[in-house]
Amino acid sequence: MPPQTYFLVSLPASIAESDQPSDALTTLRSAVTTDSATTYPFSIPTFKIGTLEGLVQQADELSKLEQSSRGVVEKVADSLRSLLEGDEDKMREQKVVNDKPVSAYLTSFAWSKTKYRSDNRPVSELIQTLQKELNSIDNDTKSKFTQYNTASQSLTQLQRSQTGNLSQKSLTSIVNPEWLLKPDASEYITQHLVAVPTQQGKEFLKTYEGLSEWVVPRSATLLAKDDEFFLYAVTVFKKQSTEFVHKCRERRWTPRDWKFNEGGKEAEDEELRKLEKEERKLWGEALRMGRTGYGDAVVAWMHVLALRVFVESVLRYGLPANFVTGIMKPEPKRAKKAKQMLDAKFSDLGGNAMNRDKKGKPIKDDSSTQTEMAGAGMGGGNESFEPYVFYEFEIA
């Protein structure tokens, strides 16, 4: 299922004869037919405004912060997808905002005055607050998912070690320590375990003594076998150990590392149970963190967008701030048509940055104006100039 597209549109209240935002919203709604998109109010409070130069700088900062916000949402969504093994139904259950679907949150958006207090606070402070919030969400979710992934990898590694053939699996339950020399039993000799393919067993027995110097003659002892491999123990003088191991690998015989385990098979099984319990616990914690982090990241992103719309609207439409903002939810495969309807109705707001072709359709022809506006962080999701404040986005 493709992601839902949304438009965020801000227009001056002067598009309505009454010059009232409520009537301007009605005008915005009437511009696009309901079979193409549904328009909802997107309530943005009035913020404390500084200098014109400061607003231009903040527009640039918000452009970058909005991209960063989108990135955090996408990273958390990807982590949830991995955790839930790509199950779309389960993901929809977890990708919520304030315990309701993302669409419901967006279409009823209101500035969170408790979380991001806006009264008499300059835009620059709100930008800093949102930046810190997003960094915290990113770091917390990343840390928890990394913790889970580490535990999952450790569990997978141990599980794999208990399956497979003699060249791969754990030897704890196969090799009896009494069959081998203890590591500190001799200052001069040691034993190597080698997994040899069954079809090469005879060749191994004929040639192993000549693989390197100081291999103890007739020391090869068969410890175990399966359908694919023999497992032999060979005694070698320590000073030739490296050469012996190297020669084994050259012949595609697999040297096996083996360490004495005090608890043997029981200790290994206990370690497996411990890792399984830890992995389950961290999976649950990661899921809860992902659900919370996703919702918080979407909230932060929408507040960044609200600030961005406010700053650009003031820069475009002037003071006092008198504009209306709506969020549009296009019907599937109707986003392009909905945008064409908006352009047809409001392209005149673009001034000399918008002209019309011979058929009367709006076209963009002032490249210098477009470059200046886009360079200031204005112009929407694709950073091209629009005749009105417009952002198009999808939520992962």
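Calculation rules
Residues numbered from 1 in each chain as written. Predicted model: local features only at pLDDT ≥ 70, side-chain atom pairs only at ≥ 80, totals over all residues. Heavy atoms only, no water. Helix = DSSP H or I, 4+ residues; strand = E, 2+ residues; numbered from the N terminus. Buried < 20%, exposed > 50% of the residue type's maximum accessible area, 1.4 Å probe, protein only. Areas by Shrake-Rupley, 256 points an atom, 1.4 Å probe, with all protein chains shown as cover. Salt bridge = Lys/Arg side-chain N within 4 Å of Asp/Glu carboxyl O. Arc of directions from axis to C-beta. Contact = heavy atoms within 4.5 Å. Pairing = 2+ DSSP bridges. Axes fitted to C-alpha atoms, helices over the stretch in contact; angles between N-to-C directions. Phe/Tyr/Trp six-rings, centres within 6.5 Å; stacked < 30°, edge-to-face > 60°. Core = buried A, V, L, I, M, F, W, Y, C linked by side-chain atoms within 4.5 Å. Parallel < 35°, antiparallel > 145°, perpendicular 65-115°, else oblique. Left-handed = near helix turned anticlockwise from the far one by under 90°. Nonpolar A, V, L, I, M, F, W, Y, C, P; charged D, E, K, R; others polar. 1 Å grid on protein atoms, 1.4 Å probe; cavity = no way out; pocket = protein on both sides within 12 Å on 5 of 7 lines; lining within 4 Å. Points joined across faces, edges and corners; volume = space filled by probe spheres on them.

Helix and strand counts for the chain come out as ten helices and twelve strands. Residues classed as buried in the chain amount to 45% of the 396 residues present. For the chain, the accessible area works out to roughly 21500 Å², and carbon and sulfur atoms hold 47% of it.

For the rest of this paragraph, the subject is the pattern of salt bridges. A full pass over the atoms with the stated rule returns 21 salt bridges. Here lysine 115 makes a salt bridge to glutamate 133, at a shortest N to O gap of 3.3 Å. You can see lysine 115 sitting in the loop between helix H4 (102-106) and helix H5 (123-161) and its partner glutamate 133 sitting in helix H5, a full 18 residues away along the chain. Judged by relative accessible area, which is 36%, lysine 115 ranks as partly exposed. In this structure, glutamate 285 and lysine 281 form a salt bridge, with 3.3 Å as the shortest nitrogen-oxygen distance.

So, on to helix H1 (residues 21-31). Taken together, the buried positions of H1 are occupied by Ala24, Leu25, Thr27, Leu28 and Ala31. Angular distribution of buried residues about the axis of H1 spans 160°; they occupy a single face of the element. Seen from the buried face of H1, the exposed residues on the opposite side, beyond 90 degrees, are Ser22 and Ser30. On the buried face of H1, the contacting elements are strand E1 (5-12), strand E2 (37-41), strand E9 (323-330) and helix H9 (335-346).

A few words on unusual backbone geometry. Backbone torsion omega between leucine 319 and proline 320 reads -5°, so that peptide bond is classified as cis. Phi at asparagine 98 takes a positive value of approximately 55°, unusual for a residue other than glycine. Tracing the sequence through the fold places asparagine 98 in the loop between strand E3 (96-97) and strand E4 (100-101). Judged by its relative accessible area of 56%, asparagine 98 falls in the exposed class. Positioned with a positive phi, arginine 252 is a non-glycine residue whose angle comes to about 60°. Here arginine 252 lies in the loop between helix H7 (241-250) and strand E8 (254-256).

The strand order across the open sheet built from four strands is E2-E9-E1-E12, with neighbouring strands paired in antiparallel fashion. Bordering the open sheet on either side are E2 and strand E12 (389-394), each of which pairs with just one other strand. If you compare each strand with its neighbour and ignore which way they point, the axes differ by 25° on average. Across five bridges, E2 lies against E9 in antiparallel orientation. Within E9, the residue paired with proline 41 across the bridge is glycine 326. With respect to the sheet, H1 is in contact with E1, E2 and E9, its orientation differing from that of E2 by roughly 170°. Lying on the sheet, H9 is in contact with E1, E2, E9 and E12; it crosses E1 at an angle near 10°.

Backbone hydrogen bonds are what pair the strands of a sheet, in a parallel or an antiparallel way. Strand order across the open sheet formed by four strands is E6-E7-E5-E8, with antiparallel pairing between neighbours. In the strand order of this sheet, the two ends are held by strand E6 (221-225) and E8, each with one partner. Pairwise comparison of adjacent strand axes, ignoring direction, gives a mean angle of 35° for this sheet. The pairing of strand E5 (residues 189-197) with E8 spans three bridges and is antiparallel. Counterpart to leucine 193 in the pairing with E8 is arginine 256. H7 rests against E5, strand E7 (229-237) and E8 of the sheet, and its axis sits at about 0° to E5.

The next point concerns the packing of aromatic side chains. Inspection of the entire model under this criterion finds 16 aromatic pairs. Consider the rings of tyrosine 6 and phenylalanine 393, whose centres lie 5.7 Å apart with planes at 20°: the pair is stacked. Of the two residues, tyrosine 6 sits in strand E1 while phenylalanine 393 sits in strand E12, which places them 387 residues apart along the sequence. Here tyrosine 6 falls in the buried class, since its relative accessible area comes to 4%.

This part takes up the nonpolar core. One finds Leu106, Tyr294, Met302, Leu307, Phe393 and Ile395 to be the most contacted residues of the largest nonpolar core, which totals 57 residues. No other element matches helix H8 (residues 264-317), which puts 18 residues into this core. With residues up to four places along the chain from it excluded, the contact list for methionine 302 reads Phe42, Tyr105, Leu106, Phe109, Phe393 and Ile395.

The next point concerns the packing of helix H2 (residues 52-83) against H5. The geometry of H2 relative to H5 is characterised by a closest axis approach of 10 Å and an angle of 20° between their N-to-C directions. For the element pair H2 / H5, the angle class is roughly parallel. Crossing handedness for the pair H2 and H5: left-handed. Packed against H2, whose contacting residues are Gln58, Glu61, Leu62, Leu65, Ser69, Val72, Lys75, Val76, Ser79, Leu80 and Leu83, the element H5 presents Val123, Ser124, Ile127, Leu130, Gln131, Leu134, Ile137, Asp138, Thr141, Phe145 and Tyr148 at the interface. Of the residues contributing to the contact of H2 with H5, the split by class is 13 nonpolar, six polar and three charged.

Note on placement: glutamate 17 falls in the loop between E1 and H1. Residue class for glutamate 17 comes out exposed when judged on its relative accessible area of 87%.

A few words now on the layout of surface pockets. Estimated volume of the second largest pocket: approximately 460 Å³. Counting only elements with at least two residues in the lining of the second largest pocket, the list comes to E5, H7 and E8. Considering every element that reaches the lining of the second largest pocket, the biggest residue donor is E5, with five residues. The residue inventory of the lining of the second largest pocket, partitioned by class, reads nine nonpolar, three polar and six charged.

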